[in-house]
Amino acid sequence: IGCGMGHFVLQASASFEEVLAVDGHVDPSCFVGDRSQLSVQDIDRIEITPEKFDAITLNHSLEHVDDPVRLLEQARKGLRPGGVLYVEVPFQFGSLYDKVSELLNPKQAPDFLSFHHKTFFCPVGLELALRNAGFEVLELRTFLPKRGAGRFRGLKGILLYVFLWWASLIKRADYIAVFARRSG
């Protein structure tokens, strides 16, 4: 869920017998995978077939829905017993990078491009939401994305990268990633 243009779907198709790609905003003509695998639908209203999947990914989609707990509950319902869920969301307005940016540039406005997100997660809040939806959290970490590497140029960029690497060690980097297993 949150397949974008389908690059991950191509990789997943090599490892899984059946792959379904769901996204609410992808243009099918831009989809790089098998279009028969693509379902363009409103993920706020998604109904997942019970116990159909061994694994489900929520890739930068949970922050876009009106009711993230409902989507997590649907994912749990759709997983077979012992099935695994991978969730990746931005850690906005709470990462150390955001806090330091506020201190260094107090007059700079927040990233208003991010206000299309309906929910903002921190690591503890995402872990609680997963547990409340019936998941056992196997691993939770924050990380630096490989994309956007241009901000790490020169001495200032290297220092920023070292700072953000340290932030990832204390779960305060730019993105949150979680592996969870369906409980019960």
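First, a word on what this report is: a plain description of the structure on this page. On a predicted model such as this, the values are computed, not experimentally measured, just so you know.

1. Some remarks on the overall build of the protein chain
Okay, step 1: Regarding its fold elements, the protein chain presents five helices and six strands.
Okay, step 2: Sequence-ordered secondary structure for the protein chain, helices as α and strands as β, is α-β-β-β-α-β-α-α-β-α-β.
Okay, step 3: Going through the 184 residues of the protein chain one by one, you find that 41% of them count as buried.
Okay, step 4: At a minimum sequence separation of 6, the contacts of the protein chain that also span at least 24 residues come to 71%.
Okay, step 5: Summing over all exposed atoms, the protein chain offers an accessible surface of approximately 10700 Å²; the carbon and sulfur share of this is 57%.

2. Regarding the nonpolar core
Okay, step 1: Counting 29 residues, the largest nonpolar core has Ile1, Leu62, Leu72, Leu85, Val87, Leu126 and Leu130 as its most contacted members.
Okay, step 2: The set of elements that each furnish at least two residues to this core consists of β3 (53-59), α2 (68-78), β4 (79-90), α4 (123-132), β5 (135-143) and β6 (175-182).
Okay, step 3: At four residues, β4 tops the list of elements feeding residues into this core.
Okay, step 4: Not counting residues up to four positions away in its chain, the partners in contact with Val87 are Leu58, Leu62, Leu72, Leu126, Leu130, Ile176, Ala177 and Val178.
Okay, step 5: Formed by eight residues, the second largest nonpolar core is a distinct cluster that contains Cys3, Ala12, Ala21 and Phe31.

3. Examining the packing of aromatic side chains
Okay, step 1: A full pass over the atoms with the stated rule returns one aromatic pair.
Okay, step 2: Here Tyr86 and Phe179 contribute two aromatic rings whose centre-to-centre distance is 4.9 Å and whose plane-to-plane angle is 50°, an arrangement assigned as tilted. Here Tyr86, found in strand β4, pairs with Phe179, found in strand β6; they are 93 residues apart in sequence, far enough to count as distant.
Okay, step 3: Owing to a relative accessible area of 18%, Tyr86 belongs among the buried residues under this scheme.

4. Observations regarding the side chain of Glu63
Okay, step 1: Inspection of the secondary structure assignment puts Glu63 in the loop between β3 and α2.
Okay, step 2: Residue Glu63 is classed as buried on the basis of its relative accessible area of 2%.

5. Let's talk about α4
Okay, step 1: Those residues of α4 lying buried are Pro123, Leu126, Ala129 and Leu130. Buried residues of α4, viewed axially, fall in a sector of 130°; they line one side. Turned more than 90 degrees away from the buried face of α4, the exposed residues are Val124 and Asn132.
Okay, step 2: Where α4 is buried, its residues touch α2, β4, β5 and β6.
Okay, step 3: Just past α4, the residue Gly134 takes up positive phi, approximately 95°.

Here is what the cut-offs are and how they apply
- Residues numbered from 1 in each chain as written.
- Predicted model: local features only at pLDDT ≥ 70, side-chain atom pairs only at ≥ 80, totals over all residues.
- Heavy atoms only, no water.
- Helix = DSSP H or I, 4+ residues; strand = E, 2+ residues; numbered from the N terminus.
- Buried < 20%, exposed > 50% of the residue type's maximum accessible area, 1.4 Å probe, protein only.
- Contact = heavy atoms within 4.5 Å.
- Areas by Shrake-Rupley, 256 points an atom, 1.4 Å probe, with all protein chains shown as cover.
- Core = buried A, V, L, I, M, F, W, Y, C linked by side-chain atoms within 4.5 Å.
- Phe/Tyr/Trp six-rings, centres within 6.5 Å; stacked < 30°, edge-to-face > 60°.
- Arc of directions from axis to C-beta.

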